[in-house]
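Examining the three-dimensional arrangement
One-letter residues, chain by chain:
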Amino acid sequence: MENKDVLREESIDGYVKIDRYNDLKISAVADHYKDILGQLGENPEREGLLKTPERVAKALQYLTHGYDLKPDEILRSAMFEEDYSQMVVVKDIEVYSMCEHHMLPFFGKAHIAYIPNGHIVGLSKIPRVVDAFARRLQVQERLTNEIRDCIQNTLNPQGVAVVMECRHLCMAMRGVQKQNSVTTTSAFTGSFLSNDKTRAEFLRLITASLD
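The structure presented is a predicted model; accordingly, all values stated were derived computationally and were not measured.

What counts, and where the lines are drawn
- Residues numbered from 1 in each chain as written.
- Predicted model: local features only at pLDDT ≥ 70, side-chain atom pairs only at ≥ 80, totals over all residues.
- Heavy atoms only, no water.
- Helix = DSSP H or I, 4+ residues; strand = E, 2+ residues; numbered from the N terminus.
- Contact = heavy atoms within 4.5 Å.
- Areas by Shrake-Rupley, 256 points an atom, 1.4 Å probe, with all protein chains shown as cover.
- Lys, Arg positive; Asp, Glu negative; His and termini not counted.
- Charge placed at Lys NZ, Arg CZ, Asp CG, Glu CD.
- Salt bridge = Lys/Arg side-chain N within 4 Å of Asp/Glu carboxyl O.
- Buried < 20%, exposed > 50% of the residue type's maximum accessible area, 1.4 Å probe, protein only.
- UniProt positions renumbered as here; feature names shortened; annotations may be inferred.
- Axes fitted to C-alpha atoms, helices over the stretch in contact; angles between N-to-C directions.
- Parallel < 35°, antiparallel > 145°, perpendicular 65-115°, else oblique.
- Left-handed = near helix turned anticlockwise from the far one by under 90°.
- Nonpolar A, V, L, I, M, F, W, Y, C, P; charged D, E, K, R; others polar.

A closer look at the overall build of the chain
When helices and strands are counted, the chain shows 8 helices and 9 strands. Considering only intrachain contacts with a sequence separation of at least 6, the fraction spanning at least 24 residues in the chain is 63%. Counting only carbon and sulfur atoms, one obtains 49% of the accessible surface of the chain, whose full area is about 12,900 Å². In the chain, the 26 positive side-chain charges and the 30 negative ones have mean positions that sit 3 Å from each other.

Considerations on the pattern of salt bridges
Within the structure shown, the criterion is met by 10 salt bridges. The partner of arginine 76 in a salt bridge is aspartate 72, with the nearest N and O atoms 2.9 Å apart. Here arginine 76 and its partner aspartate 72 are both found in helix α3 (residues 71-76), 4 residues apart, which amounts to about one turn of the helix. With relative accessibility at 28%, the residue aspartate 72 sits in the partly exposed group. Of the charged contacts in the structure, one is a salt bridge between arginine 148 and aspartate 149, with a shortest N-O distance of 2.8 Å.

Comments concerning the UniProt feature "domain: GTP cyclohydrolase I" (unreviewed entry) in the chain
Taking the UniProt record as the reference, the feature "domain: GTP cyclohydrolase I" (unreviewed entry) is found at residues 31-206. Regarding residues 31-206, the helix share stands at 41% and the strand share at 27%, and the terminal C-alpha atoms are separated by 45 Å.

Notes on the packing of helix α4 (residues 125-134) against helix α5 (residues 140-155)
Two elements in contact, α4 and α5, have axes whose closest approach is 10 Å; the angle formed by their N-to-C orientations is 135 degrees. The pairing of α4 with α5 is recorded here as oblique in orientation. The handedness of the crossing between α4 and α5 comes out as right-handed. Listed contacts from α5 to Val129, Val130, Phe133 and Ala134 of α4 are Leu143, Glu146, Ile147 and Cys150. Partitioning the contact of α4 with α5 into residue classes produces 7 nonpolar, no polar and 1 charged.

Next up, the structure:
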């Protein structure tokens, strides 16, 4: 079997779904999951589980496709020279990632701001950068720093601020089983570190409502 990604299109109710899969990886991962089902005491040959190993393999490939993305190139694809030096905030960015310790999901929101220094970036690129790092095996602390560093190193702004609020299923479904706990992480550079008023303005903006 050739080791290459294959694009598949599927039309569902007028919506075209496009998936990219590597058939060799899917087959290898699916074989392992068939064995895992047996080790768990299930019968992988029963009707409801026949296609489960392949489904899991495809799901994992999608959930970790960030390894194939280059976040800095995502930003560079839409950088523009602009004489604007006030804070740019993109808040309530949905985050879905996988805890690298238990391979269970964690999810929540990211709030990101930067102060331009001669360049701005297309607003849709910031959530794409979040996805590029989140679609990997992660810990929330590292994810927060990676987003911050990518924006800082690529745009070279006067400062970057990232705050992330997530719920972790490894805490809710197992272990301490605290279903309502939320983990908040933050990372700052430049003006957001050195200027208390700038940092306070960012925190006020991400908690403000437009209603």
